[in-house]
Every structure is written in C-alpha cells, then in structure tokens.
Amino acid sequence: MQTTTSLHSDNFKIKQATGSPEDVERYVTACNEKHFYSMRVINSPATSFQAKQTLELDRAYHKFAKAFHPTTSQDYFTLIKNGNIVFFMVDNNNVDYGFAVIKYLSPTTVLIGDFSVYTHLNGYGTIFYNLLEQDFKKKGITMVNLSPWGDGAKAFWKKKGFKPEYFTQETYYKPIK
C-alpha cells in the first residue's frame, strides 16, 4: 500500500469491482490477507490475551460470514451472483486502501456486508464511508444497515451516525438524506 497519498477525500474514489481477473484477484487477495493477518497475530506470543480473544472472535465471524469473504475466485463469483456488489477505495494512482461489500435490500435500502480498510486509525475508514454514502445518495438510497463486529467497529459506526436497532442491538442503521 502506498502511504504518500494526502489524506483528503479528493485524492480517493470508489471503484465498483467487475468480474475481470484483476478485480477477482484483488478482492480474493485482500480477503486472504485480512484472514492471514488475524491468524498471525493470534499465534504471536507477544499478543495479549485480550487481543487474542478479539481476533479469535474475528476469525469465527469471518468463518460464519464466508459469504462476504471469498477465498477463491469461485467464491467471488458466488458473492456477485447472490446480488452483492464489491467496491474498492482507491487513490488517484489506483492503489487499494480498502473494500466494501454492499447488498441492495430494496431500491432505497442497502446492507454493508463487509467494510475493511487496510490501515486503521488514520482516517481512511471515514473517507471510504463518506464516499460510499455520497454514492448511495446519488442512487436514491435512504437507509443503510450493517452489523458491526467488535467494540472498535461499533464505536466507529456510532461516530458515523449509526444507531443500534432497538431489539437486537447487533444491527445498526442510519437514515441518509
């Protein structure tokens, strides 16, 4: 990943993935690297017990949510065939900074099935979500749903204006105007 790009939304864009070999490779590689990183940290003797527990939960979630985390090109095409759309956040040099999997639940409602940036706590997630929200508004989307996993993700989405659904507290939603 390139880190010299200025952290300003004008330097980034979202790119909808296609079925091209380049996009399939790009997404499958990103999912595999995300999983590999989690496993490497879990198995590190220097990782705290609490961090290992968090990553074990993350690994369990990714296993459960395999529909959003393809590890082969066939998995990717199944994801697309099931009505999901993959977006990358790229800089002006077409370097990836993250990906999101979006499913349209209705003409005005989307579900963010996965949202991942490769560098955390540097503003990339905020830029990426803001770009997606701008795109949603252009397409007439008025409601965004997601299910954040872990305290850090829940805090991030709350800062973006999402609220937990009343009954389960696991699904978050945000009306957009």
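Check the entry above for the structure.
In this text the structure is predicted, and so the values were computed from the model without any measurement.

Asks: Please give an account of the pairing of strand 4 (residues 109–117) that cites residues and values.
Replies: Counting buried residues in strand 4 gives eight out of nine residues, a clear majority hidden from the surface. Hairpin connection between strand 3 (residues 96–106) and strand 4: a loop of two residues separates the two successive antiparallel strands. Bridging between strand 4 and strand 5 (residues 143–146) involves four bridges; their strand directions are parallel. In the strand pairing of strand 5, Val110 is matched with Val144.

Asks: Before we move on, can you summarise the sheet that holds strand 4 with the specific residues and values?
Replies: Either a parallel or an antiparallel arrangement is found when strands of a sheet pair, and the pairing is made through backbone hydrogen bonds. Spatially, 1-2-3-4-5-7-6 is the arrangement adopted by the seven strands of the open sheet, whose pairing is mixed. Every interior strand has two partners, whereas the edge strands, strand 1 (12–16) and strand 6 (163–164), have only one. Looking at chain direction, strand 5 and strand 7 (residues 172–175) are connected through four bridges and run antiparallel. Among the inter-strand pairings, Leu146 is bridged to a residue of strand 7, identified as Tyr172.

Asks: Now, about unusual backbone geometry: what can you tell me, with residues and values included?
Replies: The general pattern is negative phi for most residues beyond glycine and trans for most peptide bonds. Phi is positive for Asn94, close to 70 degrees, though the residue is something other than glycine. Following the sequence through the fold, Asn94 ends up in the loop between strand 2 (84–91) and strand 3. Overall, the relative accessible area of 34% leaves Asn94 in the partly exposed class.

Conventions we followed
- Starting afresh in each chain, residues are numbered from 1 along the sequence in its written order.
- The predicted nature of this model means local features are confined to residues of pLDDT at least 70 and side-chain atom pairs, given and counted, to a pLDDT of 80 or more, with totals for whole chains, interfaces and linings taken over all residues.
- Excluded from the side-chain calculations are hydrogens and water; all other atoms, namely the structure's heavy atoms, are used.
- Any residue under 20% of the maximum accessible area for its type is buried, any over 50% is exposed, and the rest in between are partly exposed; the area is computed with a 1.4 Å probe on protein chains only.
- Runs of E in the DSSP output that reach at least two residues are strands. Runs of H or I that reach at least four are helices, and both are numbered from the N terminus.
- One bridge is not enough; two strands pair if DSSP finds at least two bridges between them.

By themselves these figures say nothing about function.
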